[in-house]
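The lines below spell out each chain.
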Amino acid sequence: MKEKFDVTGMTCAACQANVTKAVQKLGVKDVNVNLISETMTVDYGNTDVSRKDVIGAVEKIGYGAISQDYKDNGENSIAIKEKSSTDGFKTRLIISIVFLIPLMYVSMGEMFGFPLPKFLTGYEGSVNSAFTQFLLTLPILYVNRTFYKSGFKGLINRAPNMDSLVALGSFAASLYGIFAIFRLSTGLAYANQDLVESYRHNLYFESSAMIFTLITVGKYFEARSKNETKNSIKSLMKLKPSTATIILDGKEETVKVDDLKVGDIIIVKPGESIPVDGILVSGSSLIDESAITGESIPVYKKEGDQVISATINQEGSFKFKATKVGNDTTLSQIIALVNEASQSKAPIAKMADKISAVFVPLVIVIAIITLIAWLALGKGLEFALNMAISVLVISCPCALGLATPMAIMVSTGKSAEIGLLFKDAEALENLHKVDEILLDKTGTITEGKPRVTDVITNIAQDEFLKIAASLEKSSEHPLSLAIKKYVKDSNLIPEEIDYFKAITGKGIKATYKKKTYFAGNLRLMKEENIDLLDFETKANKLSKEGKTSLYFADENQVIGLIAVKDKAKPMSKYAIAELKNLGYRVSMITGDNQNTAEAIRKELNIDEKFAEVLPQDKEKQVKILQDKGKKVLMVGDGINDAPALVRSDIGMAIGNGTDVAIDSADVVLVNNNILDIVNAIELSKFTIKIIKENLFWAFFYNVIGIPLAQGLLYPINGWSLSPMFAAFAMSISSVFVCLNSLRLRNFKPKYKNEDPIEKLKEENLKEKNTMNMKNNEEEDMFNNKKAVVKVEGMSCNHCKATVEKVLSNIDGIKNAEVDLDQKLAHIKYKGDLNKDLIKSEIEEAGYQVTGIEED
């Protein structure tokens, strides 16, 4: 069982490592802590660890935890509910600055010749000045007390973090300042002017206050940057309407979207967002799906079409039946995937985690060594303490901790905007490492909608087509659908068969009019010892044109073949060219024969083909490539691609593919465009580039900054780093990492064939516009003609569905709706109404037509 928690108090990679260690010690199966989103996912496995145990372990080391499932549960700490936010940092920053300005004026004013009240200047005013600085420092320390609480609690529990470094530095400076007040008082009491002069300009209260203020400045901008990374998700969430209008007992009623159930009939009016996924049951419209698919042109939707949550109805009103609600909607799934990916940990982050685990204790040791070394060299306590405090404050595990998760979060948000869904950070990191791209042919490279191109038979063609359509009637294979459509367009009606058996990867066996027939590929014909006559030669010729031939035979010999061709998607050629330009080897895998596959390979300039591969063998082909040392990216869309998608190093599914394929993949191409493979790889490369820049900066900064803070240049040129400048440098380091990560928001893929790709995109948009206009005109034609068919013999919903199906299958008729109580079928039609055909079709189905009236 897994459970997700919100975690507060984390400020750096050391905090992340400490929380992870604390929960791991409980014996749970797995822990994943995310610094950016301040969340933790715990996989309990088969342990007896409870939610209360997890929260207790986190609180013990100075942080807070609250279950996202039980936010009001008494087990959760009260402190956790005060989640840190941009507003919280802003308030702390304002208060800190309000008191820091007069503090700096009092502490530095005399040195710069600024006017000050007499009681705060000179030998006589030294204690007054020191005590005034102390009082001005207290509010700053108080509003930023979280550093002390978290830092010292971490030290006590042997889990130091960045707050520990800041708290130690600020506490040491404040403690030294208090000590200085006592020494000043002693000097004034005994008129020891030398003692007073040695302390009155070296109080360090301003350093203590400045450390907190500057780090709070950094935290404020860091929090703002983190919020920026979540904008893509926020914008998606805003698309979901809060209410919906449903039909309840024949009346319209407004309900909350969260209360919708599967099966509810929902009305959507022009300009409204679609609340959940469903099937359109009445009306039609243009739907703006750009928020989900990235496509700017609205899509025409009619009865029977699917509508997606968070898309916008642009024109007419319509009704649809809810099929997916709550967390099952497309929008919710996208948000869940993006959140899951942004909160997962990339392999490159593990290196930073290991370093962060020892970083803070190491810095504390270095600070102590620095203090002792300078004291041993004869420098005073003030100088040695100054160096030690600078070491504590300048070191920045914060930048180290933000380097990877910040980039991952921005990148996964950006990917969602451009129609890419990465399921985890590992896929995002590893995608650019692949060197072999294996593309499934049907539905990925091609449109997945084969069309009949040739019919060759040695019997009467109509008779042959009728046999073929009857055999294929029960099959849902894309090639079968193409044949059935061709036969229907030829005005031939298939008949019922007595027996049907699908033979996986080969074809079908069926009994038609008490005679056995086979339909399928050459392999099936040979296995059944069918006489091929001269049809194999004809099929070979067709296959060289990229056409796939289906053989049809009786028990003895082939009676004919039907050739179909699945056109390549217009963008496939450019997508494959772009992948090859990037240096990738592109292969195609298909069940087609060698000749057909070779024709497509040549047409699209693909490096290699794997033909005649059975569905169950696709996974084996991936393994063969991996055994040769290849890192394989498999792209597919069907159920039979799922094992190969899982086996491959990275699996990528086309968005309109099957649920099984999408579930098996690491990346989903929402727009169904294989050019997005290029976009995904380029985004992966850019993300890794940003992460490496962040990590380099974090390491480089600490490697240079810590020695400088130790005072290594002091013996050479007398230069040393004050704690104030150290705190400023530390804050800048974190802000740099955040701003560098935000560069990913400007990602835009570049193509070598930019002009033809853009031209093709424009043509596709024009084609969609033309199609939308055509669909609207066709809809108007149907809307203008209506009729009512009186049908006797219907008694149940099965009868209703049968009559509706019979009527909808008649050319020129659509939207058949049966009123079971009135025994009427309402239809829309175009052209002339063929009443005789309607009557014969319904009566053949077992019902009686008593009248047909046109409106």
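None of these values were measured; they are calculated from a predicted model.

Calculation notes
- Residues numbered from 1 in each chain as written.
- Predicted model: local features only at pLDDT ≥ 70, side-chain atom pairs only at ≥ 80, totals over all residues.
- Heavy atoms only, no water.
- Helix = DSSP H or I, 4+ residues; strand = E, 2+ residues; numbered from the N terminus.
- Buried < 20%, exposed > 50% of the residue type's maximum accessible area, 1.4 Å probe, protein only.
- Contact = heavy atoms within 4.5 Å.
- Areas by Shrake-Rupley, 256 points an atom, 1.4 Å probe, with all protein chains shown as cover.
- Patch = residues over 30% accessible without salt bridge, like charges linked within 9 Å, V, L, I, M, F, W, Y side chains within 5 Å.
- Salt bridge = Lys/Arg side-chain N within 4 Å of Asp/Glu carboxyl O.
- Lys, Arg positive; Asp, Glu negative; His and termini not counted.
- Charge placed at Lys NZ, Arg CZ, Asp CG, Glu CD.
- Pairing = 2+ DSSP bridges.
- Axes fitted to C-alpha atoms, helices over the stretch in contact; angles between N-to-C directions.
- 1 Å grid on protein atoms, 1.4 Å probe; cavity = no way out; pocket = protein on both sides within 12 Å on 5 of 7 lines; lining within 4 Å.
- Points joined across faces, edges and corners; volume = space filled by probe spheres on them.
- Nonpolar A, V, L, I, M, F, W, Y, C, P; charged D, E, K, R; others polar.
- Parallel < 35°, antiparallel > 145°, perpendicular 65-115°, else oblique.
- Left-handed = near helix turned anticlockwise from the far one by under 90°.
- Arc of directions from axis to C-beta.
- Expected span 1.5 Å × (residues − 1).
- Phe/Tyr/Trp six-rings, centres within 6.5 Å; stacked < 30°, edge-to-face > 60°.
- Lys NZ or Arg CZ within 6 Å of the ring centre and 35° of its normal.

(A) View of the overall build of the chain. Regarding its fold elements, the chain presents 31 helices and 30 strands. Taken over 855 residues, the chain has a buried fraction of 52%. For the chain, contacts bridging at least 24 residues in sequence account for 68% of all contacts bridging at least 6. For the chain, the accessible area works out to roughly 39,300 Å², and carbon and sulfur atoms hold 53% of it.

(B) Structural context of a positive patch on the surface. Together, Lys 21, Lys 25, Lys 60 and Arg 158 make up a positively charged patch on the protein surface. Position of Lys 21 among the secondary structure elements: in helix 1 (residues 13–24).

(C) Spotlight on the pattern of salt bridges. Tallied over the entire structure, the rule returns 32 salt bridges. Put simply, Lys 466 and Glu 495 hold a salt bridge, and the shortest N to O gap is 2.9 Å. A residue pair is termed long-range when its members are at least 10 positions apart, and Lys 466 in helix 17 (residues 461–472) and Glu 495 in the loop between helix 18 (478–489) and strand 17 (499–503) qualify at 29 residues. Residue Glu 495 is classed as partly exposed on the basis of its relative accessible area, which comes to 25%. Among the ionic pairs, Lys 506 bridges to Glu 527, the shortest N-O distance being 2.9 Å. Pair noted here: Lys 506 is in the loop between strand 17 and strand 18 (507–512) and Glu 527 is in helix 19 (residues 522–527), with a separation of 21 residues, a long-range link. Classification of Lys 506 by relative accessible area gives partly exposed; the value is 21%.

(D) Main features of the pairing of strand 28 (residues 813–819). Counting buried residues in strand 28 gives five out of seven residues, a clear majority hidden from the surface. Relative to strand 29 (residues 824–829), strand 28 is paired through five bridges, and the arrangement is antiparallel. By the bridge assignment, Ile 813 is partnered in strand 29 with Tyr 829. Here strand 28 hands over to strand 29 after four residues, with Lys 823 in that stretch at a positive phi of 60°.

(E) Spotlight on the sheet that holds strand 29. One open sheet holds the four strands; their spatial order is 28-29-27-30, and the pairing between them is antiparallel. Of all strands in the sheet, those bounded by a partner on one side alone are strand 28 and strand 30 (848–854). When strand polarity is set aside, the average angle formed by the axes of neighbouring strands in this sheet is 20°. One ladder, built from five bridges, connects strand 27 (residues 786–792) with strand 29; its direction is antiparallel. The partner of Lys 786 across the bridge, within strand 29, is Lys 828. Those strands touched by helix 30 (residues 797–808) are strand 27, strand 28 and strand 29, and its axis lies near 160° from that of strand 28. Sheet strands in contact with helix 31 (residues 835–844) are strand 27, strand 28, strand 29 and strand 30, and its direction is about 150° off that of strand 30.

(F) Highlighting empty space enclosed by the protein. Taken as a whole and judged by the stated rule, the model has two cavities of 30 Å³ or more. Each pocket or cavity is described by its volume, and for the second largest cavity that value is around 90 Å³. Residue lining of the second largest cavity: Val 106, Ser 107, Glu 110, Leu 120, Thr 121, Gly 122, Gly 125, Ser 126, Ser 129, Gln 133, Arg 200 and His 201, and that is the complete set. A breakdown of the residues in the lining of the second largest cavity according to their chemical character gives two nonpolar, eight polar and two charged.

(G) Examining the packing of helix 13 (residues 381–394) against helix 26 (residues 675–710) more closely. Two elements in contact, helix 13 and helix 26, have axes separated by 8 Å at closest approach and are oriented at 165°. If you check the angle between helix 13 and helix 26, you find them roughly antiparallel. As for the relative orientation of helix 13 and helix 26, their crossing is right-handed in sense. Residues Met 387, Ser 390, Val 391 and Ile 394 of helix 13 form the contact with helix 26, whose participating residues are Tyr 701, Asn 702, Gly 705, Ile 706, Ala 709 and Gln 710. When its residues are assigned to classes, the contact of helix 13 with helix 26 shows six nonpolar, four polar and no charged.

(H) Spotlight on helix 2 (residues 51–60). All of the buried residues in helix 2 are Arg 51, Val 54, Ile 55, Ala 57 and Val 58. Along helix 2, the residues classed as buried sweep out an arc of 160° about the axis, all on the same side. Exposed residues on helix 2 whose side chains face more than 90 degrees from its buried face are Lys 52 and Lys 60.

(I) Structural detail: helix 30. The end-to-end C-alpha distance of helix 30 is 16 Å, a good match for the 16 Å that 12 residues give at a rise of 1.5 Å each. Taken together, the buried residues of helix 30 touch strand 27, strand 28, strand 29 and helix 31.

(J) Structural view of the environment of Ile 589. Residue placement: Ile 589 occurs in strand 22 (residues 585–589). Residue Ile 589 is classed as buried on the basis of its relative accessible area of 0%. Taking the C-alpha atoms as reference, Ile 589 lies 9.7 Å from Met 634; in sequence the two are 45 residues apart. Setting aside its immediate chain neighbours within four residues, Ile 589 contacts Leu 438, Leu 439, Asp 440, Lys 441, Phe 610, Val 613, Lys 618, Gln 621 and Met 634.

(K) Up close: unusual backbone geometry. At Lys 513, a residue that is not glycine, the phi angle is positive and equals roughly 55°. Mapped onto the secondary structure, Lys 513 falls in the loop between strand 18 and strand 19 (515–520). Despite not being glycine, Lys 823 has its phi angle at roughly 60°, a positive value. Along the polypeptide, Lys 823 turns up in the loop between strand 28 and strand 29. Assessed through its relative accessible area of 24%, Lys 823 is described here as partly exposed.

(L) Looking closely at the environment of Val 586. The topology assignment puts Val 586 in strand 22. A residue is classified by how much of its surface remains accessible, and Val 586, at 0% relative accessible area, is buried. Sequence separation between Val 586 and Ile 576 is 10 residues, and the spatial gap between their C-alpha atoms is 7.1 Å. Beyond its immediate stretch of four places on either side in the chain, Val 586 contacts Ile 437, Leu 439, Ile 576, Leu 579, Lys 580, Ile 606, Asp 607 and Glu 608.

(M) Quick look at the sheet that holds strand 6 (residues 251–256). As summarised here, the arrangement of the six strands in space is 6-5-7-13-8-11, forming an open sheet in which the pairing is antiparallel. The open sheet has two edge strands with one neighbour each: strand 6 and strand 11 (306–307). Of the strand pairs in this sheet, strand 8 (residues 277–283) and strand 13 (residues 318–324) are connected by six bridges, and their pairing is antiparallel. Bridge pairing in strand 13 places Leu 280 opposite Phe 320.

(N) How the structure looks around the pairing of strand 4 (residues 64–67). Residues Gly 64 and Ile 66 of strand 4 are buried on one face, and the alternating residues Ala 65 and Ser 67, pointing to the opposite face, are buried as well. Pairing between strand 1 (residues 2–8) and strand 4: four bridges, direction antiparallel. What sits directly across from Phe 5, in strand 4, is Ser 67.

(O) Just the packing of helix 21 (residues 572–581) against helix 26, in detail. At their nearest, the axes of helix 21 and helix 26 sit 7 Å apart, and the two run at 30° to each other. As judged from the angle between their axes, helix 21 and helix 26 are roughly parallel. Between helix 21 and helix 26, the residues in contact are Ala 575, Glu 578 and Leu 579 and Leu 675, Ile 677, Val 678 and Ile 681, respectively.

(P) A look at the packing of aromatic side chains. Enumeration over the complete set of coordinates arrives at 19 aromatic pairs. Ring pairs connect the aromatic residues Phe 147, Tyr 148, Phe 152, Phe 171 and Phe 212, which therefore count as one cluster. Sitting above the plane of the Tyr 142 ring, Arg 145 keeps its charged end 4.2 Å from the centroid.

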